[in-house]
Amino acid sequence: MDISKINKIPQSNVEIEETEYLVTACAGANGCPLTLVNGTEAEMGQKIASIIENSEITEKIAELMPPIRLKHHKLKISIAGCPNACSRPHVADIGIIARARPVLEGQCNGCRVCLRICPDNAIDLNDGFQLTDECIDCGICITPCPINVLDGEKYLEVLVGGKLGRHPHLGKSIAKFEEIEDIYAFIQAAIEVYEEHAKQSERVSHVASRLGIDNFGKKVLEKM
Ligand code: SF4
Ligand code: SF4
Ligand code: SF4
């Protein structure tokens, strides 16, 4: 790719910030060519912010925060339009990452274009087109195939429990959805699970850690 074109890609995330929450959408919404959700990241962020606003979670967070409350003590949700994860979904209470799994839909001619373009060396052409375990479903190899035999199975991965601070850890993958509407249902259900289980000084990531992230995810999925 021409480096001058890369430098023109908008890099700023879109942030919707209120006292009790911060919703971040990556720059896919600003024209990044790698978006796997057609640049709808900011729209998704607005919808998620409205779900938060229409719930009781802001009051719950305000009630439970520690006496010495810092600016970052809030619910954080982050949306990334591809696994490059520019909006840092791995360190949000709830992170959403769009992915696309390449699928061979025709006869591969072995031209090696996909192999050369893959940033992760995740394609094996020794016995036809195969993905290795290194593939992270970024979808970058799909469009450049000169004979269009690659398609992408798109999905949205949800991570829970990411945080920075005194005890940082990365969010854990707990669900994959094909429809954006399922993401909104997940957020709504996660808010309800938080409201039911949160204790003093706990944000969503703390509740998920205490209950066990898989268990928190199970409770959320049961409510959807
Ligand atoms: S996460 Fe992907 S789609 Fe979003 S700005 Fe970064 S590279 Fe572009
Ligand atoms: S989807 Fe991404 S990581 Fe997987 S083979 Fe294609 S370019 Fe490589
Ligand atoms: S770019 Fe397409 S035709 Fe070429 S090796 Fe990859 S899948 Fe096969």
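Here goes a summary of the coordinates provided. (Residues numbered from 1 in each chain as written. Chains lettered and ligands numbered in written order. Predicted model: local features only at pLDDT ≥ 70, side-chain atom pairs only at ≥ 80, totals over all residues.)

**With respect to the site of ligand 3**
Logical step 1: The local shell around ligand 3 holds 13 residues, among which Cys108, Cys111, Val113, Cys114 and Cys145 are the closest.
Logical step 2: When its residues are assigned to classes, the shell around ligand 3 shows ten nonpolar, two polar and one charged. (Near = placed C-beta within 6 Å. Nonpolar A, V, L, I, M, F, W, Y, C, P; charged D, E, K, R; others polar.)

**Looking at the nonpolar core**
Logical step 1: Grouped together as the largest cluster of nonpolar side chains are 53 residues, with contacts concentrated most on Ala80, Ile94, Val158, Val160, Ile187 and Ala190.
Logical step 2: Ranked by residue count, the leading element in this core is helix α5 (residues 180-197), at seven residues.
Logical step 3: Beyond its immediate chain neighbours, meaning those up to four positions away, isoleucine 94 contacts Ile77, Val158, Val160, Ile187, Ala190 and Val204. (Core = buried A, V, L, I, M, F, W, Y, C linked by C-beta atoms within 7 Å. Buried ≥ 20, exposed ≤ 12 C-beta atoms within 10 Å, placed from the backbone. Helix = DSSP H or I, 4+ residues; strand = E, 2+ residues; numbered from the N terminus. Contact = placed C-beta atoms within 7 Å.)

**Notes on the site of ligand 1**
Logical step 1: Taken together, the neighbourhood of ligand 1 is formed by Cys26, Ala27, Gly28, Cys32, Leu34, Thr35, Ala80, Gly81, Cys82, Asn84, Ala85 and Cys86.
Logical step 2: Across the shell around ligand 1, the residue classes break down as eight nonpolar, four polar and no charged.

**A word on the sheet that holds strand β1 (residues 14-17)**
Logical step 1: Taken together, the six strands give an open sheet; going across it, the order is β1-β2-β3-β4-β7-β8, and neighbouring strands pair in mixed fashion. Across the chains shown, the open sheet's two edge strands, defined by having one partner strand only, are β1 and β8 (172-177). On average, adjacent strands in this sheet sit at an angle of 20° to one another, irrespective of strand direction.
Logical step 2: By the bridge criterion, four bridges tie β1 to strand β2 (residues 21-25) in an arrangement that is antiparallel. When the bridges of β2 are listed, valine 14 appears paired with alanine 25. (Pairing = 2+ DSSP bridges. Axes fitted to C-alpha atoms, helices over the stretch in contact; angles between N-to-C directions.)

Take it as geometry only, folks, not as evidence of what the structure does.
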